[in-house]
Amino acid sequence: MRKMKTIDLVYAGMFAALMAVGANIAQFLVVGGVPITLQTFFAILAGLLLGSRLGAISLSVYAFVGLAGAPVFAQFTGGPAVLFKPTFGFILSYILVAYVAGKIVESKSKPTMRTFMIASFTGFILNYVLGTNYMYYAYKFWAEAPEGFTYGMAWMWMVAPLPKDVILSIVAALISPRIYSAVTKTAKRAQVA
């Protein structure tokens with residue numbers, strides 16, 4: 001395992017900050033308790049560009065900063081009370097999204113556009129599956145569920161952000177190869193220094 005360099009800390013901090021911005025860029029759009037954000041996009045990008053380890057670290061930093069009380073989560077929320085919100089599963093899923101997307105890219109010595117597209121959509125699907133299932137069980141077991149709440153209703157709430165997240169997953173895959181190449185070159189230079 002390679003030792004972390006200063007540039008790694010900069011990249012990790014940058015993606016933690018991008019997640020905070022992405023969480024609140026459309027802060028007033030909420031469908032069924034699910035805020036419409038750009039977090040899925042930035043979580044996927046963190047994995048595609050930083051790799052599994054650093055991508056997961058950067059999003060773990062984001063989660064810990066928010067849990068410590070900084071208002072970096074959607075709708076400018078933060079603090080340990082967020083642990084009990086039904087949408088906390090999405091925050092947890094971002095760490096796994098970055099890790100898995102990064103692992104897929106790392107599995108190829110020379111990742112192609114196809115690799116980036118597979119990694120991007122795998123991250124997107126993980127985010128939806130983990131976040132939505134967590135939300136459903138949270139409403140069933142400890143959060144106050146809306147009248148007539150069902151498993152299907154939880155998934156219906158995800159229809160509103162679905163087109164945005166599909167499009168942004170494609171955008172992430174399309175822009176990543178060139179940025180990945182630059183990030184990889186910078187990391188190699190930093191290792192030599």
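Above this text sits the structure in question.
Everything numeric in this text was worked out from a predicted model, so none of it was measured. (Residues numbered from 1 in each chain as written. Predicted model: local features only at pLDDT ≥ 70, side-chain atom pairs only at ≥ 80, totals over all residues. Heavy atoms only, no water.)

Draft legend 1. Main features of the overall build of the chain. In terms of regular secondary structure, the chain is built from 7 helices and 2 strands. In sequence order, the secondary structure elements of the chain are arranged as α-β-β-α-α-α-α-α-α. Relative to the 2.2 N^0.38 estimate, which gives 16 Å for 193 residues, the radius of gyration of the chain is 17 Å and therefore close to what a compact globule would have. On the principal axes, the C-alpha backbone points of the chain span a range of 60 × 35 × 25 Å. Across the chain, the fraction of contacts at a sequence separation of at least 24, relative to all contacts at a separation of at least 6, is 72%. Between the centroid of the 15 positive side chains of the chain and the centroid of its 5 negative side chains there is a distance of 20 Å. (Helix = DSSP H or I, 4+ residues; strand = E, 2+ residues; numbered from the N terminus. Rg over C-alpha atoms; globule rule 2.2 N^0.38 Å. Contact = heavy atoms within 4.5 Å. Lys, Arg positive; Asp, Glu negative; His and termini not counted. Charge placed at Lys NZ, Arg CZ, Asp CG, Glu CD.)

Draft legend 2. Seen up close, the packing of helix α2 (residues 39–50) against helix α3 (residues 52–67). At a minimum axis distance of 6 Å, the contact between α2 and α3 shows a crossing angle of 145°. Every pair of crossing elements has a handedness; the one defined by α2 and α3 is right-handed. Mapping the contact onto sequence places Gln39, Ala43, Ala46 and Leu50 in α2 and Ser52, Leu54, Gly55, Ser58, Leu59 and Tyr62 in α3. For the contact of α2 with α3, the class distribution of residues is 6 nonpolar, 4 polar and no charged. (Axes fitted to C-alpha atoms, helices over the stretch in contact; angles between N-to-C directions. Left-handed = near helix turned anticlockwise from the far one by under 90°. Nonpolar A, V, L, I, M, F, W, Y, C, P; charged D, E, K, R; others polar.)

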